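# Coordinates in review
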Amino acid sequence: MKVLTVANHNIDFYVDKIMVEISNDNRCSTYLVGGLGVTYSWEGAANLSVSKKKTDMSVIKGIKVTNQHASIPVYVAFDTVASTTTGIRISGGDTLETNYPAIDFRDTVSIVAASGTPVVHGVIWGSHI
């Protein structure tokens, strides 16, 4: 996961659930919380140690993204970089929600704003098979 801006801005960024990982293959694994349920665990102290999950999501089957800004649109793309020409437009105040199992992609969700700094939130769900 990356948090990027087009240029340096004099604004605050608030990001939840950032993971720091040393990787030999330039790939980041999926972040997970060790206390989410029976298939999750911590190797040591909660939030201060390696977390594990028995199976990993390998197919993304659904997404729900809400654009909280009143007027600035955002664009969402699957397995490619979103732009105003390659993404699915979510107008200000609108939500994009797919119905399981309407989509099937394997890599990334990219979201970009047409301008400014709108707030977006959402969820992604999938399957390990």
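To start, this report covers the structure provided alongside it. Please read these numbers as outputs of a predicted model, since none were measured by experiment.

The rules we used
Residues numbered from 1 in each chain as written. Predicted model: local features only at pLDDT ≥ 70, side-chain atom pairs only at ≥ 80, totals over all residues. Heavy atoms only, no water. Helix = DSSP H or I, 4+ residues; strand = E, 2+ residues; numbered from the N terminus. Buried < 20%, exposed > 50% of the residue type's maximum accessible area, 1.4 Å probe, protein only. Contact = heavy atoms within 4.5 Å. Areas by Shrake-Rupley, 256 points an atom, 1.4 Å probe, with all protein chains shown as cover. Pairing = 2+ DSSP bridges. Axes fitted to C-alpha atoms, helices over the stretch in contact; angles between N-to-C directions. Polar contact = N/O pair within 3.5 Å; in protein donor to acceptor, adjacent residues only side chain to side chain. Core = buried A, V, L, I, M, F, W, Y, C linked by side-chain atoms within 4.5 Å.

Bringing the overall build of the chain into the picture now. Scanning the chain from N- to C-terminus turns up zero helices and eight strands. Its helices and strands taken in sequence order, the chain reads β-β-β-β-β-β-β-β from the N to the C terminus. Of all 129 residues assigned to the chain, the portion counted as buried reaches 21%. Restricting the contact set of the chain to residue pairs at least 6 apart, pairs at least 24 apart contribute 62%. Roughly 9,500 Å² of accessible area belongs to the chain as shown, and the carbon and sulfur atoms make up 52% of that amount.

Taken together, three strands build an open sheet; the order of strands is β6-β3-β8 and the sheet is antiparallel. The two strands at the open ends of the sheet, each matched to only one other strand, are β6 (95-97) and β8 (120-127). In this sheet, adjacent strand axes meet at a mean angle of 15° when their direction is disregarded. As judged from the three bridges shared by strand β3 (residues 59-67) and β6, these two strands associate in the antiparallel manner.

Before going further, it helps to examine the sheet that holds strand β4 (residues 74-78). The antiparallel open sheet is built from three strands, whose spatial order is β5-β4-β7. Whereas interior strands pair on both sides, the edge strands pair on one side only; in this sheet they are β5 (88-90) and β7 (109-113). Neighbour-to-neighbour, the strand axes of this sheet turn through a mean angle of 25°, independent of strand direction. Relative to β5, β4 runs antiparallel, the two being bridged by three bridges. Its bridge partner lying in β5, Val74 is registered against Ile90.

Note that Asn67 resides in strand β3. From its side chain, Asn67 meets the backbone nitrogen of His69 in a polar contact 3.1 Å long. Polar contacts involving the side chain of Asn67 include one to the main-chain carbonyl oxygen of Ser91, which spans 3.5 Å. Contacts of Asn67, omitting those with residues within four sequence positions, involve Ile72, Pro73, Val74, Ile90, Ser91, Gly92, Gly93, Asp94, Pro118, Val119 and Val120.

We now examine the nonpolar core. Nonpolar side chains tend toward joint burial in soluble globular proteins. Residues Ile60, Ile63, Val65, Val74, Val76, Ile90, Leu96, Ile103 and Phe105 constitute the largest nonpolar core, which totals nine residues. Those elements that provide at least two residues to this core are β3 and β4. A per-element tally of this core places β3 first, with three residues. Those residues in contact with Ile103, other than ones at most four positions away along the chain, are Ile60, Lys61, Gly62, Ile63, Phe78 and Thr98.

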